[in-house]
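Fold and contact review
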Amino acid sequence: MKKILYLLLAVGLLYACKKDNVGAKPLLYFKSYQPDSITPETQQFILTMRVEDGDGDIEDSIGVAMLKDSEQAINKDTLWTFFKMPKIGQNRGNSIKADVIMPFGEIDFATAYNPAPGDSAHYVVYLRDNSGNISDTVSTPKFPFRRNR
């Protein structure tokens with residue numbers, strides 16, 4: 001009985017000390033929008049992304065671009081906006097999982113608002129860490145432009 005207990009304890013310790021399999025390349029996932037659409041009355045639109053990084057050095061920058069469906073056939077350029085990630089140096093060397101909340105004010109999407117019915121948009125986002133590792137570019141789900149609520 002004691003041997004089984006020691007064996008279970010050893011397996012438990014090995015499992016607890018097991019490193020997660022997040023590498024040095026940051027991982028990025030879409031989490032949410034708030035609100036779920038843009039109307040003429042929308043003053044703030046919040047994009048939340050989930051970030052995971054094995055070495056915790058995600059302090060460089062995050063690139064974001066809005067792509068409107070009505071402009072994709074006309075304009076093939078992607079206009080990136082870059083934001084500096086917050087200083088989280090206390091996590092350097094440790095695996096990190098965090099939410100990145102990006103609030104866009106009316107000035108960021110007012111020119112994109114199109115009252116034409118059926119228009120929508122989505123964001124493309126990527127992250128670069130201090131070591132120069134770049135995440136995959138993530139395409140978020142589409143959100144509509146609504147005429148009114």
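One structure accompanies this document, and this report is about it. (Residues numbered from 1 in each chain as written. Predicted model: local features only at pLDDT ≥ 70, side-chain atom pairs only at ≥ 80, totals over all residues. Heavy atoms only, no water.)

1. Details of the sheet that holds strand β5 (residues 96-105)
Read across the sheet, three strands follow the order β1-β2-β5 without closing on themselves; strand pairing throughout is antiparallel. Since the sheet does not close on itself, it has two edges, and those belong to β1 (27-34) and β5, each with one partner. Averaged over all neighbouring strand pairs, the angle between strand axes comes to 20°, with direction disregarded. With seven bridges connecting them, β1 and strand β2 (residues 44-53) associate as antiparallel partners. The residue of β2 that forms the bridge with Tyr29 is Arg50. (Pairing = 2+ DSSP bridges. Helix = DSSP H or I, 4+ residues; strand = E, 2+ residues; numbered from the N terminus. Axes fitted to C-alpha atoms, helices over the stretch in contact; angles between N-to-C directions.)

2. A closer look at the layout of surface pockets
When its volume is computed, the largest pocket comes out at roughly 450 Å³. Looking at the largest pocket, it is lined by 20 residues, and the ones nearest its centre are Ala65, Met66, Leu67, Leu79 and Asp108. For the lining of the largest pocket, the secondary structure elements donating two or more residues are β3 (61-68), α2 (69-72) and β4 (81-84). Among the elements that take part in the lining of the largest pocket, β3 stands out by supplying five residues, more than any other. Class assignment of the residues belonging to the lining of the largest pocket gives a composition of ten nonpolar, five polar and five charged. (1 Å grid on protein atoms, 1.4 Å probe; cavity = no way out; pocket = protein on both sides within 12 Å on 5 of 7 lines; lining within 4 Å. Points joined across faces, edges and corners; volume = space filled by probe spheres on them. Nonpolar A, V, L, I, M, F, W, Y, C, P; charged D, E, K, R; others polar.)

3. Here's the deal with the packing of aromatic side chains
Counted according to the given criterion, the structure contains twelve aromatic pairs. Relative to Phe143, the ring of Tyr33 has its centre 5.1 Å away and its plane inclined at 70°; by these criteria the two rings are edge-to-face. Taken together, the positions of Tyr33 in strand β1 and Phe143 in strand β8 (residues 143-144) put the pair 110 residues apart, joining distant regions of the chain. The buried category is assigned to Tyr33, whose relative accessible area is 13%. Of the residues examined, Phe143 reaches a relative accessible area of 0% and is grouped as buried. Against the face of Phe145 rests Lys68, its NZ or CZ located 5.5 Å from the ring centre. (Phe/Tyr/Trp six-rings, centres within 6.5 Å; stacked < 30°, edge-to-face > 60°. Buried < 20%, exposed > 50% of the residue type's maximum accessible area, 1.4 Å probe, protein only. Lys NZ or Arg CZ within 6 Å of the ring centre and 35° of its normal.)

4. Things to note about the pattern of salt bridges
By the definition in use, this model includes six salt bridges. With a shortest N-O distance of 2.6 Å, Lys31 and Asp99 are connected by a salt bridge. Residue Lys31 is found in strand β1, and its partner Asp99 is found in strand β5; the two are separated by 68 residues along the sequence. Note that Lys142 is salt-bridged to Asp69, the shortest N-O span being 3.2 Å. Linking Lys142 in the loop between β7 (138-139) and β8 with Asp69 in helix α2, this pair joins segments that are 73 residues apart in sequence. Among the charged side chains, a network of salt bridges with common partners joins Lys31, Arg50 and Asp99. (Salt bridge = Lys/Arg side-chain N within 4 Å of Asp/Glu carboxyl O.)

5. Quick look at the nonpolar core
Within soluble globular proteins, side chains that are nonpolar tend to cluster in buried spots. Among the nonpolar cores identified, the biggest contains 23 residues, and Leu28, Leu47, Ile62, Met102, Tyr123, Val125 and Phe143 are the most heavily contacted of them. Contributing elements (two or more residues each) for this core: β1, β2, β3, β5 and β6 (120-128). Every residue in contact with Tyr123, bar those within four places of it in the chain, is listed here: Tyr33, Phe45, Leu47, Val64, Ala65, Met66, Phe104, Val138, Ser139, Thr140 and Phe143. (Core = buried A, V, L, I, M, F, W, Y, C linked by side-chain atoms within 4.5 Å. Contact = heavy atoms within 4.5 Å.)

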